[in-house]
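Read off the chains here:
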Amino acid sequence: MIENKVLKGVFLVAFGATSYGMLATFVKMAYDEGYTTAEVTSSQFILGILGILIINLFQKTKNKDKTLKASKRNIFHLMLAGTSLGMTSVFYYLAVKYIPVSIGIVLLMQTVWMGVLLEMILEKKIPSTQKIISVVVVLIGTVLATNLIKNEVSLDWHGIMWGILAAASFTTTMFTANRVATDISSAQRSLYMLLGGAVIVFGFSIATQTAPFNFEIFLKWGIILALFGTIIPPMLMNAGFPLTGIGLGSIVSALELPVSVMMAFFLLNEQVNATQWLGIVLIILAIVIMNVNFGKRIK
């Protein structure tokens, strides 16, 4: 039973991470068409909240009075936790504005060691050998998959700063998904976290959008960004992280990297060489090793 729950959590987090891994490419394409960060994030969150509202109404109608309702305390904590979700979107999208997608995802992938470190601090114990090995392999794979060794590019420090901030806020998001109001439905948790994130996003948009807002973004990119950025990932991760724990969940979420590389390859025509594919294989291998050892330890 325990193994089945962990495996289910792994699949949920993996699919959520895969969806999130597609975002950078879509955002870059939106930037190429002249849309601003404020327009991208605002359309994503507005449509995302509408989508999650529909899901909540559907579940409420289907389950009637069986669904546990969030208390005022739950709502407050989830909205507060959701601010990190909003900051992740803003910071990450600002990062890929200044640096290549491959470098941006590398910086975001620092959530791997940040997550394990946070778990170590919170639980006051040294991570297992499996987690340490997996983190090392994931980081090696990350460097290879993004071709950092062979890339000779001058990186804008703005992009590096925003990327590190995105990783820190995303780690916080994963922590809250694992700890805050886990007894209510994932749809409710996603809704209130998105509302909290919207406060950050709308505040950022008001402060930075100087030109007239281009509402075409809603039909052009908003639906795609909402689906893969604010509907699928929060729903699946809110349901999956309580089953995996933040350490294992952080490692599984490394799937964002190979997805981002492949998306950049197919949609942005970025060159992906053998070294990068080796890195992707290493990351997937690390995830498999982690789960197999974890299952044996449960037994």
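Note that this is a predicted model, so its numbers are computed, not measured. (Residues numbered from 1 in each chain as written. Predicted model: local features only at pLDDT ≥ 70, side-chain atom pairs only at ≥ 80, totals over all residues. Heavy atoms only, no water.)

(A) Spotlight on the environment of alanine 145. Looking at where alanine 145 falls in the secondary structure, it is placed in helix α7 (residues 129-145). Expressed as a C-alpha distance, the spacing of alanine 145 and valine 272, which sit 127 residues apart in the sequence, is 8.4 Å. For alanine 145, the contacting residues outside a window of four places in its chain are Leu257, Val261, Thr275, Gln276, Gly279 and Ile280. (Helix = DSSP H or I, 4+ residues; strand = E, 2+ residues; numbered from the N terminus. Contact = heavy atoms within 4.5 Å.)

(B) Up close: the nonpolar core. Val40 and Tyr92 are the most contacted members of the largest nonpolar core, which has 65 residues in total. Not counting chain neighbours up to four residues away, the residues in contact with tyrosine 92 comprise Tyr20, Ala24, Gly104, Ile105, Leu108 and Ala166. In this structure, Leu78, Val180, Ile184 and Tyr192 belong to the second largest nonpolar core, which totals 7 residues. (Core = buried A, V, L, I, M, F, W, Y, C linked by side-chain atoms within 4.5 Å. Buried < 20%, exposed > 50% of the residue type's maximum accessible area, 1.4 Å probe, protein only.)

(C) Molecular detail of the side chain of threonine 88. Along the polypeptide, threonine 88 turns up in helix α4 (residues 72-98). A distance of 2.8 Å separates a polar side-chain atom of threonine 88 from the backbone oxygen of serine 84. Polar side-chain contacts of threonine 88 include one of 3.2 Å to the backbone nitrogen of phenylalanine 170. What threonine 88 contacts, discounting residues up to four positions off in sequence, is Tyr20, Ala166, Ser169, Phe170 and Thr173. (Polar contact = N/O pair within 3.5 Å; in protein donor to acceptor, adjacent residues only side chain to side chain.)

(D) Spatial organisation of the packing of α4 against helix α9 (residues 186-208). The contact between α4 and α9 brings their axes to 6 Å, and the two run at 50 degrees. Viewed along their axes, α4 and α9 adopt a mutual orientation that is oblique. Both α4 and α9 take part in a crossing whose hand is right-handed. The residues of α9 that touch α4, namely those facing Ile75, Leu78, Met79, Ala81, Gly82, Thr83, Leu85, Gly86, Met87, Val90 and Leu94, are Arg189, Tyr192, Met193, Leu194, Leu195, Gly196, Gly197, Ile200, Val201 and Phe204. Considered class by class, the residues forming the contact of α4 with α9 number 15 nonpolar, 5 polar and 1 charged. (Axes fitted to C-alpha atoms, helices over the stretch in contact; angles between N-to-C directions. Parallel < 35°, antiparallel > 145°, perpendicular 65-115°, else oblique. Left-handed = near helix turned anticlockwise from the far one by under 90°. Nonpolar A, V, L, I, M, F, W, Y, C, P; charged D, E, K, R; others polar.)

(E) Spotlight on the pattern of salt bridges. Enumeration over the complete set of coordinates arrives at 3 salt bridges. Ionic pairing is found between glutamate 119 and lysine 131, a salt bridge with its closest N-O pair at 2.7 Å. With glutamate 119 in helix α6 (residues 111-123) and lysine 131 in helix α7, this residue pair connects regions lying 12 residues apart in the sequence. Pair check on accessibility: glutamate 119 and lysine 131 agree, each one buried. Between glutamate 123 and lysine 125 there is a salt bridge, and its shortest N-O distance comes to 3.5 Å. Owing to a relative accessible area of 35%, glutamate 123 belongs among the partly exposed residues under this scheme. The exposed category is assigned to lysine 125, whose relative accessible area is 52%. (Salt bridge = Lys/Arg side-chain N within 4 Å of Asp/Glu carboxyl O.)

(F) Focus on the confidence of the model for the chain. Residues at a pLDDT of 70 or more form 90% of the chain, whose mean pLDDT is 83. Element-level pLDDT for the chain is lowest in helix α13 (residues 274-298), with a mean of 68, against a maximum mean of 93 in helix α2 (residues 23-32). Counting contacts from residues 294-299, a segment whose pLDDT is below 50, to residues more than four positions away or on other chains yields 8 contacts. (pLDDT = per-residue confidence, 0-100.)

(G) Inspection of a nonpolar patch on the surface at higher detail. A cluster of nonpolar residues, Met262, Phe265, Phe266, Leu267 and Trp277, forms a patch on the protein surface that exposes about 460 Å² of accessible area. Among the elements that take part in the nonpolar patch, helix α12 (residues 256-267) stands out by supplying 4 residues, more than any other. Overall, phenylalanine 266 belongs to the exposed group, its relative accessible area being 60%. (Patch = residues over 30% accessible without salt bridge, like charges linked within 9 Å, V, L, I, M, F, W, Y side chains within 5 Å. Areas by Shrake-Rupley, 256 points an atom, 1.4 Å probe, with all protein chains shown as cover.)

(H) View of unusual backbone geometry. Backbone geometry at lysine 124 places phi at a positive 55 degrees, although glycine is not the residue there. Considering the arrangement of structural elements, one finds lysine 124 in the loop between α6 and α7.

(I) Spatial organisation of the packing of α9 against helix α10 (residues 217-244). One way to put it is that α9 packs onto α10 with a least axis distance of 9 Å and a crossing angle of 125 degrees. By the angle class used here, α9 and α10 are oblique. In this structure, the crossing between α9 and α10 has a hand that is right-handed. Mapping the contact onto sequence places Ser186, Ala187, Arg189, Ser190, Met193 and Leu194 in α9 and Thr230, Pro234, Met235, Asn238 and Ala239 in α10.

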